[in-house]
Structure formats: C-alpha cells, structure tokens
Amino acid sequence: MATGGRTADGPAGGRTAGIPYEVGLHEVADGVFAYLQPDGGWGWSNAGLLVTDAGSMLVDTLFDQVLTRRMLNAMTRVTGTKPIETVVNTHANGDHCYGNGLLPDAEVVTTEAAAREMGAVPPSALLALLAADMGEPTNRYVQEAFGAFEFAGIEVPEPTRTFTGSLELDLGGRPISLEQVGPAHTAGDLLVHLPDAGVVFAGDILFIDGTPIVWDGPIANWVAACDRILHLDQLHDGAVIVPGHGPLTDADGVRAVRGYLVWLEAACWEAHAAGLTAAQAVLELAASTDFQPYRQWGEWERLAVNVRAVYREIDGSDQTIPDLFGAMAALVADRSDS
C-alpha cells in the first residue's frame with residue numbers, strides 16, 4: 001500500500017555499475033561498505049561502514065535491534081579484528097539510530113540538533129502511533145509502514161559527542177568529514193564524506209526511487225544540501241553516493257531529488273498564492289502533469305506531508321503526526337478508489 005518497488009535504473013535510480021541493489025553488505029571502495037535494505041520504503045534504510053587497521057566506523061544503525069544485529073553479524077567478516085569504535089548518526093529518525101544500544105562501547109557522534117531530536121522521538125513514540133485509534137485507513141497505513149519492526153524494549157543511549165557546523169575526524173589515517181546540512185529532512189541532518197575514497201553517505205538527504213519526506217525543512221536548506229553533495233561528487237570521478245534509502249547513486253540521482261524539491265516548493269507557493277488550502281493543493285498537484293514522473297517513485301503519497309511542510313514555511317500552519325499520516329492514508333485511498 002505505502003511502498004513501491006525500486007530498481008537500479010528507476011526514475012531517480014542509482015547508476016553505480018557492478019553493485020546490485022540487494023540486501024546485505026557491499027564494498028563500494030577500499031575498506032568502505034554500504035549495507036543496503038531493499039526496497040527502501042518506510043523504515044528500510046541503508047547504513048555504511050569504514051574499516052581501517054585502527055578500527056571501524058559505522059554510519060547509522062537500523063530501525064530495530066533485530067535488523068541491526070543482523071547487520072552487525074554480516075559485518076563481522078570485516079570487523080572481527082577491527083571492531084566498531086565510532087557510530088555516526090546522520091539524523092534522528094529511528095531507522096538510522098534505534099540500533100545504537102547494541103554498540104554500548106562505541107562513541108556516538110551526531111549533530112546537537114539530532115541529539116535533541118533523538119530524545120524527543122523515542123521508540124515508545126512509534127509504539128504509541130501503532131496503538132493509536134486513528135480510524136481507517138490511517139491505522140492500516142501506519143501498520144503497513146511500521147508493523148514489521150520490533151520497537152518494544154529499545155532504549156537509545158544519548159550520543160557521546162555532538163557538534164554544529166562541521167567536524168573533521170581521522171580513523172587509521174583516513175580522513176572523515178562530517179558536515180551539518182540540516183534542518184532539512186529533519187532538524188539535524190549531516191553528510192559523511194570520505195574524501196580519499198570518493199564516497200558520500202548522504203543519510204535521508206537522498207531517497208533514491210522513493211519520495212523524500214519533509215519532516216522539518218526549509219526546502220531551501222535541503223536543496224542546498226543536494227548542491228553540497230554535487231560539489232563533493234565533482235571532486236572525484238566515479239564517486240559513490242550512498243542514500244539513506246534506495247540503491248546506490250551518483251550525481252544524476254542527486255539532481256533528481258533536487259528537481260523534486262525545487263518543483264515542490266515552486267508549485268506550493270503558486271498554489272498558496274492562488275488561495276488553495278494545503279489539502280486542495282495536494283489534490284491539484286497530485287493530478288498535475290508535472291507530478292506524473294514522481295508518481296513512479298515509492299511512497300509518492302508523501303506529497304501530502306510535503307505540501308503541508310511548505311505551507312508551514314509560508315504561513316506557519318502545522319499539523320500533528322497522526323494528521324499527517326491520515327493525509328497520506330487518505331491520498332492512497334483516493335488513488336485506490338479512482
């Protein structure tokens with residue numbers, strides 16, 4: 001219902017030759033790995049790994065401890081004698097940090113804003129959302145989005161190191177650049193750039209073959225984050241970009257996400273100026289010719305959230321999380337009935 005298929009050559013697909021979009025650990029550069037989780041829909045996020053003689057660094061954990069444990073077990077073939085000493089969380093969404101507790105001895109690094117948001121949205125919040133009586137089709141939509149994950153009993157430790165702006169790290173002589181680009185998708189998004197490997201871990205600044213969702217904004221920051229990735233990509237021929245969701249990608253994938261965001265912002269301003277409410281704008285934009293290519297992406301119904309996010313920028317209007325999921329569920333139901 002809420003998800004769509006992903007392929008390596010979809011409308012915003014990854015173009016990284018030789019690395020299939022299959023679940024598991026994939027080496028994308030010397031000592032650098034991506035852990036991929038098709039199909040990239042709700043909660044099915046990617047992670048990254050840097051392995052050096054001095055130890056290893058993990059970029060993001062997964063949505064629950066079952067999935068994170070499976071990932072860590074898959075990584076033992078390369079981390080067995082080079083244990084994970086550092087975890088970098090690209091942002092505070094649970095599918096990128098709820099597994100942190102399985103690495104109690106690791107230093108956990110993220111932005112100050114992400115650290116605050118982790119405390120504000122614990123796993124218990126997802127359990128409450130799943131248990132809430134929001135009526136149909138919202139309950140069904142939320143269950144299909146999050147029902148596969150096991151949130152009970154998860155405690156997310158506080159990050160041990162936070163920063164604002166940028167932070168330069170070194171692991172075994174390999175440089176690591178962390179750059180805050182949020183608020184955008186969330187309040188505290190960051191990019192992880194491995195300049196000597198030509199690899200960027202983008203977190204949820206990039207959804208490839210899936211629809212970005214604007215929990216925070218502003219859109220301008222997110223567009224600037226895409227531009228920043230493109231600048232980094234230009235530094236290395238054949239750079240590999242690991243999105244938060246979806247297949248590995250390159251500059252074309254970044255441009256596709258950027259194009260969606262630019263279209264979204266302009267279309268919402270035009271709709272608002274014409275006197276349309278956010279709900280009216282969602283229906284009009286969903287039926288527009290310009291939106292049709294984006295309907296091929298997974299979770300296209302996130303348009304219902306994204307339009308409201310732009311309207312919030314324009315006029316300060318806001319809605320609760322249950323309201324937002326209800327709006328997405330209603331849009332899917334309208335599609336099914338049409």
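Our structure is the block above this text.
Residues numbered from 1 in each chain as written. Predicted model: local features only at pLDDT ≥ 70, side-chain atom pairs only at ≥ 80, totals over all residues. Heavy atoms only, no water.

S.K.: In this structure, what is going on with the pattern of salt bridges? I would like to understand it.
M.R.: When charged atoms on two side chains of opposite charge get close, those side chains can pair. Scanning the entire structure with this criterion turns up 7 salt bridges. Arg228 is the partner of Glu179 in a salt bridge, and the nearest nitrogen-oxygen pair spans 2.8 Å. Placement of the pair is Glu179 in strand β9 (residues 174-180) and Arg228 in helix α5 (residues 219-234), with a sequence separation of 49 residues. Where Asp252 meets Arg255, a salt bridge forms, and the shortest distance between an N and an O atom there is 3.1 Å. Of this pair, Asp252 and Arg255 are both found in helix α6 (residues 251-273), 3 residues apart, which corresponds to roughly one turn of the helix. Taking relative accessible area as the criterion, Arg255 reaches 45% and is therefore assigned partly exposed. (Salt bridge = Lys/Arg side-chain N within 4 Å of Asp/Glu carboxyl O. Helix = DSSP H or I, 4+ residues; strand = E, 2+ residues; numbered from the N terminus. Buried < 20%, exposed > 50% of the residue type's maximum accessible area, 1.4 Å probe, protein only.)

S.K.: Help me out: how do you make sense of helix α4 (residues 138-146) in this one?
M.R.: The α-helix advances 3.6 residues per turn, and as a result positions three or four apart in sequence lie on the same side. Among all positions of α4, only Thr138, Tyr141, Val142, Ala145 and Phe146 are buried. Within α4, the buried residues cover an arc of 105° as seen down the axis, which keeps them to one side. (Arc of directions from axis to C-beta.)

S.K.: Would you mind showing me how to read α6 here?
M.R.: In a regular helix each residue adds 1.5 Å, so 23 residues correspond to 33 Å; α6 covers 33 Å between its end C-alpha atoms and thus fits that length. Among the residues making up α6, those that are buried are Ala251, Gly253, Val254, Ala256, Val257, Tyr260, Leu261, Trp263, Leu264, Ala267, Cys268 and Ala271. The N-cap residue of α6 is Asp250: its side-chain oxygen and the backbone nitrogen of Asp252 are 3.1 Å apart. Where α6 ends, the next residue or the one after it, Gly275, has phi of about 90°, a positive value. (Expected span 1.5 Å × (residues − 1). Polar contact = N/O pair within 3.5 Å; in protein donor to acceptor, adjacent residues only side chain to side chain.)

S.K.: Just checking my understanding: could you explain the layout of surface pockets for this structure?
M.R.: Space inside the largest pocket adds up to approximately 610 Å³. In this structure, the largest pocket is lined by 27 residues; those nearest its centre are Asn93, Val121, Leu126, Trp215 and Ile321. Those elements that place two or more of their residues in the lining of the largest pocket are α2 (112-120), α3 (123-131), β11 (199-207) and α9 (321-337). Looking at which element gives the most residues to the lining of the largest pocket, the answer is α3, with 3 residues. (1 Å grid on protein atoms, 1.4 Å probe; cavity = no way out; pocket = protein on both sides within 12 Å on 5 of 7 lines; lining within 4 Å. Points joined across faces, edges and corners; volume = space filled by probe spheres on them.)

S.K.: It is not clear to me how the packing of aromatic side chains should be interpreted in this structure. Could you clarify?
M.R.: The description of an aromatic ring pair uses the distance of the two centres, along with the angle that the planes make with each other. Counting across every chain of the model gives 21 aromatic pairs. Judged by centre distance (6.2 Å) and plane angle (40°), the ring pair of Phe149 and Phe151 falls under tilted. Ring geometry for Tyr294 against Trp297: centres 5.0 Å apart, planes inclined by 70°, an arrangement best described as edge-to-face. With respect to burial, Tyr294 and Trp297 carry one shared label: buried. Each residue in the set Trp42, Trp44, Phe63, Tyr98, Tyr141, Phe146, Phe149, Phe151, Trp215 and Phe325 is aromatic and connected to the rest through ring pairs, giving one cluster. Its end group placed over the ring of Trp300, Arg295 keeps NZ or CZ at 4.1 Å from the ring centre. A cation over a ring is seen here: Arg302 above Trp42, with NZ or CZ 4.1 Å from the ring centre. (Phe/Tyr/Trp six-rings, centres within 6.5 Å; stacked < 30°, edge-to-face > 60°. Lys NZ or Arg CZ within 6 Å of the ring centre and 35° of its normal.)

S.K.: What am I meant to see in the environment of Pro159 here?
M.R.: Following the sequence through the fold, Pro159 ends up in the loop between α4 and β7 (161-163). The class for Pro159 is buried, based on a relative accessible area of 16%. Aside from chain neighbours lying at most four places away, what touches Pro159 is Val108, Thr110, Ala115 and Met118. (Contact = heavy atoms within 4.5 Å.)

Limitation: the analysis is restricted to geometry and does not speak to function.
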